[in-house]
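Below are the chains, spelled out letter by letter.
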Amino acid sequence: MQNIINNKNINESVNMLKALGNETRLRILLSIFDKEKSVNVICEEINMGQSAVSHQLQVLKLYHIVKVERKGKEVYYSIDDHHVKNIIEQSLTHASHVSYEETL
């Protein structure tokens, strides 16, 4: 682990965790967790407008959390790699084991 601890990786990790720490972005990621989807499908699934979803997808793309693939006129989004999936799964598993209300 020591060989990956440096200022660049720490800053990238903080930015990634900030990007994941948003309810809308997490809902988007859960929507595309197992299958790439277009913005329109994501909007329908999370019940949000296209402008808001597109903005959040750009944030996720900026931090390499999602990737984009164009097929004809459609643009499809998917989770960038298995590391992101692992982080999401681990955070949900952790949340299911603890109650933050008990600690307050």
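The structure this text deals with has already been given above.
Scope of this entry: the structure provided in the associated data block.

Rules and cut-offs
- Residues numbered from 1 in each chain as written.
- Predicted model: local features only at pLDDT ≥ 70, side-chain atom pairs only at ≥ 80, totals over all residues.
- Heavy atoms only, no water.
- Pairing = 2+ DSSP bridges.
- Helix = DSSP H or I, 4+ residues; strand = E, 2+ residues; numbered from the N terminus.
- Salt bridge = Lys/Arg side-chain N within 4 Å of Asp/Glu carboxyl O.
- Buried < 20%, exposed > 50% of the residue type's maximum accessible area, 1.4 Å probe, protein only.
- Core = buried A, V, L, I, M, F, W, Y, C linked by side-chain atoms within 4.5 Å.

1. Remarks on the sheet that holds strand 3 (residues 74-79)
Here comes step 1: Strands sit in the order 1-3-2 across an open sheet of three strands; the sheet is antiparallel. Taken across any chain shown, the strands that pair with only one partner, and hence form the sheet edges, are strand 1 (37-38) and strand 2 (66-71).
Here comes step 2: Here strand 2 pairs with strand 3 via six bridges, running antiparallel. Looking across to strand 3, one finds that valine 68 is bridged to tyrosine 77.

2. Topic: the pairing of strand 3
Here comes step 1: Bridge count between strand 1 and strand 3: two bridges; the pairing is antiparallel. Bridge pairing links serine 38 to tyrosine 76 in strand 3.
Here comes step 2: Counted between consecutive antiparallel strands, the loop separating strand 2 from strand 3 contains two residues, among which glycine 72 sits at a positive phi close to 65 degrees.

3. Topic: the pattern of salt bridges
Here comes step 1: Within this structure, the stated rule accounts for three salt bridges.
Here comes step 2: Notably, a salt bridge pairs lysine 71 with glutamate 36, separated by 2.4 Å at the nearest N-O pair. One end of the pair, lysine 71, is in strand 2; the other, glutamate 36, is in the loop between helix 2 (23-31) and strand 1, with 35 residues separating them in the sequence.
Here comes step 3: Ionic pairing is found between glutamate 45 and lysine 37, a salt bridge with its closest N-O pair at 2.8 Å.

4. Focus: unusual backbone geometry
Here comes step 1: Backbone geometry at asparagine 47 places phi at a positive 60 degrees, although glycine is not the residue there.
Here comes step 2: As for its position among the elements, asparagine 47 is in the loop between helix 3 (39-46) and helix 4 (50-62).
Here comes step 3: Classification of asparagine 47 by relative accessible area gives exposed; the value is 70%.

5. What to know about the nonpolar core
Here comes step 1: Grouped together as the largest cluster of nonpolar side chains are 22 residues, with contacts concentrated most on Leu29, Ile42, Val53, Ile65 and Tyr77.
Here comes step 2: Every element with two or more residues in this core is listed here: helix 1 (7-20), helix 2, helix 3, helix 4, strand 3 and helix 5 (82-97).

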